[in-house]
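# Understanding the architecture of this molecule
Listed below, chain by chain, are the residues.
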Amino acid sequence: MNNGTHDEFAHLHVHDDKSLLDGQGKPRSYAERAALLGQPALAVTNHGNLHTAMEHWKSCNSVGVKPIIGCEFYVAPGEAENKTRADWGPGDPDRVAEDGDNPGIGGRGAYTHLTVLAQNSAGLRNLYRLQAGAYDRGFYSKPRIDDSALAEHSEGLIVLSGCAGSAISTRLRLGQQHQASVLADHYKQVFGERFLIEVMHHGIPFEDALNRDLLGLASRHSLKVVATNDSHYCDPHDSFVHSALLCVQTQSTLAKPVFQFSGSGYHIASRAEMEAKPLPVEALDNTLMIVEMVESYDSVFERKLRFPAVELPDGWDEAEALWALIEEGLESRLGEVPSDYWDQGRYEHKVICDMGYAPYFIPLHYIIKEAKKRGIPIGPGRGSAGGSLVAYALGITDLDPIVHRLIFERFLNPERKSLPDIDIDVDESRRDEFIQMVREMYGDEFVAQICTYGTIGAKNALKDANRVLGGTNEKGLWYSSQLPPAKFGRSPSLKEYTGPKDEVYELATGLEGTTRNEGIHAAAVVMSPVPLRDLLPLRRPGGDSSEPWVTGFDMHEVESLGLVKMDFLGLRNLGIIDECLRVLTVRGGEQLLLPCLPDECNDRATYELLSSGFTLGVFQLDSPGMRGLLRQLKPSRFDDISAVLALYRPGPMGANAHTEYARRKGSNAGWKSEWAIHAELEEALKPALAQSYGLIVWQEQVLEVLKIVCGWSYAEAALLFDAMRKKNHAKMEATKPEYFASGKSQGYSEEALGELWGVLVPFADYSFNRAHSAGYGLVAYWTAYLKANYPVEYMSAVLSSVAEDPDKLPGYLEEVNRMGIPLLPPDINHSGVGFSPGPKGIHYGISAIKGVGEAVFNAVASKRPFSDLDDFFRRAPAKALNTGSLGALIASGTLDGLTPYREELWFAREALSGRATRDRQERRNGQKPLYRIAYGVGNSNLKSTEQRQEWERTYLSTVLTRSRVDLIPTRALTEDELYWLRDLLLRNPGDHEIQLVIGRVRLDLPSANWPVVQQAVANLGVFQ
Ligand SMILES: [Zn+2]
Ligand SMILES: [Zn+2]
C-alpha cells in the first residue's frame, strides 16, 4: 500500500463515522490515505467512544500503518456525578471580545473535550474502563469522565490537552490563565512526559490568540507541544460530503445549514500542508515522538476462548460437572435410560469436552432451568442445537434427537472446529425479564447485549442528498424510485441506480454506507468470565443503570475476541401458548402437557384443522401460501408438519419439491420403486428416505445417505455436505474421488454413485435443517392442537397478543368471526386488559380499543366495579374521562353495561367529560356537588345499526352489532364452489361492503352487484 514516500507527520486527532453523523469517513479509507501519504501511524479519537478500535486497528495493520487508538473524551467540568451545568464565569471581558466567539463550556456547561491516546495494551483497556465509567457515573447529555477517573486509570495513557473546546483552551479563552495553569500542573503531575499541549489550526478567528496562550503555557510548565488536525473526513474533497452529513444530522439544507464547522481543512493532511499552517515545526515533529512511544495492542485483540465462568463443586472439573448434568438429565427425562442413549451421551460429552465447550453448555443449563422455574416460556428448540442429546439432557432443548432422527454433527462437527451456536426462543413479552435474570445470575459487568449499527442505505442516501441540496420531498421520492425494489429483504445499493448521475447522485455516493445510528441486536447477548469493560468498549443507552450494557463492538468483533454470544430470541407464540394453558388450568382443568415426541403428536382434530388450511393463528402456518399448501398436502403425522416447514421456502418451491411431496403423499402407496434415486440404491436408502417419499427434504437426510452409501461417519459426511451447501466447488471436486472410491468399496457402481451425486448436490442446497423444522414443527403442532381443541381460549390468547397491533388485529378478529366464536363487546366492569375467553365467547379486551390502551385500563381496573353511570363519572380515573378515552369507551360499547344509551352519551361526551373534571375539582376544594347528569333521555331515533357498526369498525377493528345479512343459514361450501365464488368476485370488483357468511367461509361481496350475489347464492343453493 505504502508507495514508498515518507511523510514526517502522524495524525493523532481523527474522527471516523463512529463519531455519529459528525465524522464522515470509514476507518479503512483513513488508513489507506495515511498509507498513501507515507505517514508512519494514524490515530482514531472518536467522541466519547472506542467503538471503532478494532476496525481501526485492523485497517491500519492491513496497510502497514501503525495504529494508535484513542478517544476524544467528554470531561465533566467537576465531578462526573455532578449532573448540573457549570458556569466558569465571564472571564476577562477584553479577551472574550477579542475572540469574537463564545468560549463557554461545551454542551451548555455539561462538558469539555480531551484527547487521550493509549500507549499500549494496558492503556487501551483503561480507555475501555473509562468509557464504561463515563456511562456508569458521568452520563449527563453525554458520557463524561472526570479528572479523578483519568488519574485512577492513568497507566498506559498519553494525554493531549485537547481542541479549542478542552478545559485548558476554554480557560485560556476566558482569560483565566491561573486556572489553565492549575490544570496543566495537575495533568503534568499525573502523566509526566505523557502529557502534551495540543495545538491545531483551522483558520478560526480566535485560534492565533489561543495558540499563543497555549505555547506560553507550555513553555512556562516545560511541556512539549504537539500539532494535530481535527480530522473529520479523509480527503479535502470530502469536505462537501461532510457538510452535507452535518445537515442530515441537523435536518437542514446546505443553503441554510443549522450547524457547520467554522474554518477548514479537517482532513488527513500531509506534512507539507501542516507546515503551511502557523504552527511550530517542533509540534509537527513531536507527533513522531508519540508514534515512537506507542506500543502494540495485539494482546487486547487476541482471540482466545472466553466462556462464562462456571462455579464447580470442590475438586471437580468442567468435564465431570457436565457429565453429572447429562446423567441426571437423561435419567429424569427417560427413567430407564436405553444403552444407545448412554452411548450417544458419552460420545457427545467427549466431543464437547475435547473442543473445550463444556463451559458453554453448563451456564445455559442453569439459565434455562432458572427461566423455567420463574415460569418464563422457553421454546423447545431452534436451529441445529436440537441435534444434540446433551442439549436435550440439560433441558436446553426439548427435542429427543434420537426419536426425531436429528444428527449431532450437524450441530457440532468434531472434524471442523467452530463455536457452538445455540439459539433460545423466549416468550417475547418476557424477554426483557429473561435478560434481567441472566444479569442477576452472572453479574451486570459480565453480561451485555450486542450492538448493531445502522448505516445510510442507498434509498436514504438519495433522499437525504436531494433534501440537503434543497430538493422537494417529491423529488426525493423520485430519486429513490430509480432504485430497484428490495430483493429477499436485501435493500438495493447505489450500484443498481438507474437515474441521472447528477449532483444528487454524486453526493449520495458519499453518504451511502455512513454509520447513522447505534442499535441493539434483537437476540444476541454476550457473557464473559471477566468484567466486559476490561475487554471491549461498552455503552448504556442514556446511562441508565437499570438497562443492560451494550457492547460497542458488533457481533463479529465480539466473537473475534473469543467471547461467546448467545442468542435469546423473542417469540410471541410462546406467550400465546402459555396464556392459553394458564386459562385452561385456572378454569379447573388439569395442567395440559404438550407432547414433544412425534408419535405423541397424533390428535385427529389437529390434523383435520391443518388439512383444512384454516390455520390463521397457527405458528409458522398462517400465511396464505402455506395454507394453500396444507390443503394440498393434508398433513396426517408430525413428519408432514416438519416437512411443510422445510419445503415452504424459495429453493424447494423453485424445484417444485413441495407439490411433489404432496403428490407422492396423496398417492398413498407406502413406498414406490420409481421414487428410488437408482435401483441399486433403493433398499439401502429406503430407511433414510421412505418417510419423505423418496425426497430429500432435510439436511440430516443427506448425511444419512452419505453415511450409508460411503460408509463414512456423520462427521466425515458433514464435511462434504458443508461444501455442497456452501457451493464450495473446489472442495466438492476435491472430495468427489473419495466419495466414488468409498461408494465403490461399499459395492455400488460408478453409475449409481454418479446419479446419486447429481441428486445430492442440488438437494444439499435446498434441504433444510431438520432439527429446526422439528423444533418449530412442535410449536406449530401445539398451536394447531390448541386451536383445534380449545378454540375460544386459544383465539382469545392470539387476539390479546396482537391487541395493540392495528395491522394484525383485524385479520384475527375476522378469523374468530369465521370460526363462529361470538365476540362479546368490551365491558367496563368485566373485560380484561386483553381479550378473555368466557362461556359465551371471547370478551373484547379494553387495551385493544383504539385510543384506550393499557395505562387507561389499569387505572380503570383499580376502581371497578361501577354500579351505574353516575358512579362511573364520580369515581372513574381522570385518564378515562378525557374526551378521547371517554369517546372511545362510549363508541366501542364498553359502557353499554351501565346504560343502553350509547348514542346519547356520545353526543354529550364533551360536556360530560368537562363536567366530570369540574366536579372532581370541586370535590377537591371541599364542596360536595349535587351530582346529576342529564344523559338519560332515551331517544330511539338516534339508535342506528349502521352508526354502531361504523364506531365499532373504528374503535374495535370489527363489527359486533349484527345486521340481518350476517344471519343467513349456512352450510359448508365445496372447494369448487369456493373457487367459483372467488372468480365471481374477481370479475366484479366493488367496494366489498356486504359481508356474507357462507358455511365456515366468510366472503366480502360487492354491494354494487347485489343481483349478481343473489344469483350466486341461489346457484349455490344456500337458501334452501
Ligand atoms: Zn473537540
Ligand atoms: Zn475532535
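Above this note sits the structure.
What comes next is a walk through the structure. (Residues numbered from 1 in each chain as written. Chains lettered and ligands numbered in written order. Predicted model: local features only at pLDDT ≥ 70, side-chain atom pairs only at ≥ 80, totals over all residues. Heavy atoms only, no water.)

The next thing to look at is the overall build of the protein. A tally of helices and strands in the protein yields 45 helices and 18 strands. Of all 1024 residues assigned to the protein, the portion counted as buried reaches 55%. Restricting to contacts in the protein with at least 6 residues of sequence separation, those with at least 24 account for 73%. (Helix = DSSP H or I, 4+ residues; strand = E, 2+ residues; numbered from the N terminus. Buried < 20%, exposed > 50% of the residue type's maximum accessible area, 1.4 Å probe, protein only. Contact = heavy atoms within 4.5 Å.)

Attention now moves to the coordination of the zinc ion (ligand 1). Bound to the zinc ion (ligand 1) are the protein donor atoms Glu 72 (OE), His 113 (ND1) and Cys 163 (SG), situated 1.9 to 2.4 Å from the metal. Spacing between the donor residues of the zinc ion (ligand 1) along their common chain follows E-x40-H-x49-C. Between the zinc ion (ligand 1) and the zinc ion (ligand 2), the interatomic distance is 3.5 Å, and Glu 72 donates to each metal, bridging them. Taken together, the positions of His 113 in strand E3 (residues 112–118) and Cys 163 in the loop between strand E5 (157–160) and helix H7 (167–173) put the pair 50 residues apart, joining distant regions of the chain. Per residue, the accessibility class of His 113 equals that of Cys 163, and both read buried. (Donors = N, O, S within 2.8 Å, 3.2 Å for Na, K, Ca; no water.)

With that out of the way, let us pick up the coordination of the zinc ion (ligand 2). With distances of 2.1 to 2.4 Å, the protein atoms coordinating the zinc ion (ligand 2) are His 13 (NE2), His 15 (NE2), Glu 72 (OE) and Asp 230 (OD). Seen from the zinc ion (ligand 2), its four donor atoms lie at angles of 79 to 160 degrees, and the figure they make is irregular. The sequence motif formed by the donor residues of the zinc ion (ligand 2) is H-x1-H-x56-E-x157-D. What makes Asp 230 buried here is its relative accessible area of 11%. (Tetrahedral: all angles 85-135°; square planar, octahedral: opposite > 155°, others 65-115°.)

Look at helix H14 (residues 318–334) against helix H15 (residues 339–354): their axes get within 11 Å of each other, and the N-to-C directions meet at 155 degrees. Comparing their axes, H15 and H14 come out roughly antiparallel. Along this stretch, H14 crosses H15, giving a crossing that reads as right-handed. On the side of H14, the interface is formed by Ala 319, Leu 322, Trp 323, Ile 326, Glu 327, Leu 330, Glu 331 and Leu 334, while H15 contributes Tyr 341, Trp 342, Gly 345, Arg 346, His 349, Ile 352 and Cys 353. Each residue belonging to the contact of H14 with H15 can be placed in one class, and the counts come to 10 nonpolar, two polar and three charged. (Axes fitted to C-alpha atoms, helices over the stretch in contact; angles between N-to-C directions. Parallel < 35°, antiparallel > 145°, perpendicular 65-115°, else oblique. Left-handed = near helix turned anticlockwise from the far one by under 90°. Nonpolar A, V, L, I, M, F, W, Y, C, P; charged D, E, K, R; others polar.)

This brings us to the pattern of salt bridges. Going through the model one piece at a time under the given rule, you end up with 46 salt bridges. Residues participating in the shared-partner salt-bridge network are Asp 136, Arg 439, Asp 444, Glu 445, Arg 533 and Arg 540. (Salt bridge = Lys/Arg side-chain N within 4 Å of Asp/Glu carboxyl O.)

The next point concerns the side chain of Ser 270. With respect to the secondary-structure elements, Ser 270 resides in the loop between helix H10 (239–250) and helix H11 (271–275). The class of Ser 270 is buried, set by a relative accessible area of 14%. Excluding residues within four positions of it along the chain, Ser 270 makes contact with Asp 7, Leu 37 and Gln 39.

The next thing to look at is the packing of helix H8 (residues 177–191) against helix H9 (residues 207–220). Their axes nearest at 11 Å, the elements H8 and H9 cross at an angle of 50 degrees. On the basis of the axis angle, H8 is oblique to H9. Crossing hand, H8 versus H9: right-handed. Residues Gln 177, Ala 180, Ser 181 and Ala 184 of H8 touch H9, and the partners they reach there are Asp 213, Leu 217 and Arg 220. Of the residues in the contact of H8 with H9, the class split is three nonpolar, two polar and two charged.

Next up on the list: the sheet that holds strand E14 (residues 823–824). The sheet built from three strands is open, its strands ordered E14-E16-E15 with mixed pairing. If you trace the sheet from one side to the other, it starts and ends with E14 and strand E15 (836–838), each paired once. One ladder, built from three bridges, connects E15 with strand E16 (residues 841–843); its direction is antiparallel. Looking at E16, one finds that Ser 836 is bridged to His 843. (Pairing = 2+ DSSP bridges.)

So, about the packing of aromatic side chains. What describes a pair of aromatic rings is the distance from one ring centre to the other and the angle between the planes of the rings. The full count for this structure, using the stated rule, is 31 aromatic pairs. Geometrically, the ring pair formed by Phe 619 and Tyr 776 is edge-to-face, given 4.9 Å between the ring centres and 65 degrees between the ring planes. Residue Phe 619 is located in the loop between helix H24 (604–612) and helix H25 (624–633), and its partner Tyr 776 is located in helix H34 (residues 770–789); the two are separated by 157 residues in the primary sequence. Each member of the pair, Phe 619 together with Tyr 776, is buried. Connected via pairs of aromatic rings, a cluster forms that spans Phe 307, Tyr 347, Tyr 357, Tyr 360, Phe 361, Phe 408 and Phe 411. One residue, Arg 171, lies across the ring of Trp 88, its end atom 3.6 Å from the ring centre. Looking at Arg 540, its charged tip hangs above the ring of Trp 549, at a distance of 3.8 Å from the centre. (Phe/Tyr/Trp six-rings, centres within 6.5 Å; stacked < 30°, edge-to-face > 60°. Lys NZ or Arg CZ within 6 Å of the ring centre and 35° of its normal.)

Locating Glu 704 in the fold gives a position in helix H30 (residues 699–710). The exposure class of Glu 704 is buried, given its relative accessible area of 10%.

The end-to-end C-alpha distance of helix H5 (residues 121–136) is 23 Å, a good match for the 22 Å that 16 residues give at a rise of 1.5 Å each. Looking at where H5 begins, the residue whose side-chain oxygen comes 3.3 Å from the main-chain nitrogen of Ala 122 is Asn 120. (Expected span 1.5 Å × (residues − 1). Polar contact = N/O pair within 3.5 Å; in protein donor to acceptor, adjacent residues only side chain to side chain.)

With that out of the way, let us pick up the sheet that holds strand E8 (residues 423–427). On the basis of which strands lie adjacent, the open sheet formed by six strands has the order E8-E13-E10-E9-E12-E11 and mixed pairing. Both outer strands of the open sheet, E8 and strand E11 (538–539), are each paired with one neighbouring strand and no more.

This part covers the environment of Phe 446. Relative to the elements of secondary structure, Phe 446 occurs in the loop between helix H18 (431–442) and strand E9 (447–455). Phe 446 gets classed as partly exposed once you look at its relative accessible area, which sits at 26%. Residues contacting Phe 446, with those up to four places away along its chain left out, are Val 526, Met 527, Ser 528, Pro 529, Val 530, Pro 531 and Leu 532.

The next thing to look at is a negative patch on the surface. Side chains of Glu 327, Glu 328, Glu 331 and Glu 336 sit close together on the surface and give a patch of like negative charge. A residue is classified by how much of its surface remains accessible, and Glu 331, at 42% relative accessible area, is partly exposed. (Patch = residues over 30% accessible without salt bridge, like charges linked within 9 Å, V, L, I, M, F, W, Y side chains within 5 Å. Areas by Shrake-Rupley, 256 points an atom, 1.4 Å probe, with all protein chains shown as cover. Lys, Arg positive; Asp, Glu negative; His and termini not counted. Charge placed at Lys NZ, Arg CZ, Asp CG, Glu CD.)

The subject of this paragraph is the environment of Phe 240. With respect to the element layout, Phe 240 can be found in helix H10. Remark: the alpha-carbon pair of Phe 240 and Leu 254, spanning 14 residues in sequence, is separated by 9.3 Å. In this structure, Phe 240 is in contact with Leu 254, Leu 469 and Leu 507, ignoring residues within four places of it in sequence.

For strand E6 (residues 195–199), the tally of buried residues reaches five of five residues, placing the bulk of the element in the interior. Inspection of the sheet shows E6 paired to strand E7 (residues 225–227) by three bridges, in the parallel sense. Of the residues in E7, the one forming a bridge with Glu 198 is Val 226. For the crossover that starts at E6, traverses H9 and ends in the parallel E7, the hand is right-handed. (Right-handed = clockwise from strand over helix to strand, strands pointing away.)

Structurally, the position occupied by Ala 784 is in helix H34. Residue classification places Ala 784 among the buried residues on the basis of a relative accessible area of 0%. The spatial distance from the C-alpha of Ala 784 to the C-alpha of Val 618 is 5.5 Å, given a sequence separation of 166 residues. With residues near it in sequence (within four places) discarded, Ala 784 still touches Thr 606, Leu 609, Leu 610 and Val 618.

Turning our attention to unusual backbone geometry. With an omega of -5 degrees, the peptide bond running from Arg 864 to Pro 865 counts as cis. Tracing the backbone through its elements, the reader meets Pro 865 in the loop between helix H37 (853–861) and helix H38 (869–875). Residue Asn 656 is not a glycine yet carries a positive backbone phi of 65 degrees. Judged by relative accessible area, which is 42%, Asn 656 ranks as partly exposed. Positive phi is not limited to glycine here, since Tyr 693 has a value of about 55 degrees. In this structure, Tyr 693 sits in the loop between helix H29 (682–689) and H30.

Let us now look at the pairing of E3. Among the seven residues in E3, seven count as buried, and that is most of the element. Residues of E3 alternate between two faces, with Thr 112, Leu 114, Val 116 and Ala 118 on one and His 113, Thr 115 and Leu 117 on the opposite face, all of them buried. As judged from the six bridges shared by strand E2 (residues 66–75) and E3, these two strands associate in the antiparallel manner. Opposite Cys 71, over in E3, you have Val 116 as the bridge partner. Of the pairings in the sheet, the one linking E3 to E5 comprises four bridges and is antiparallel in character.

Treat this as a map of the structure, not an account of what it does.
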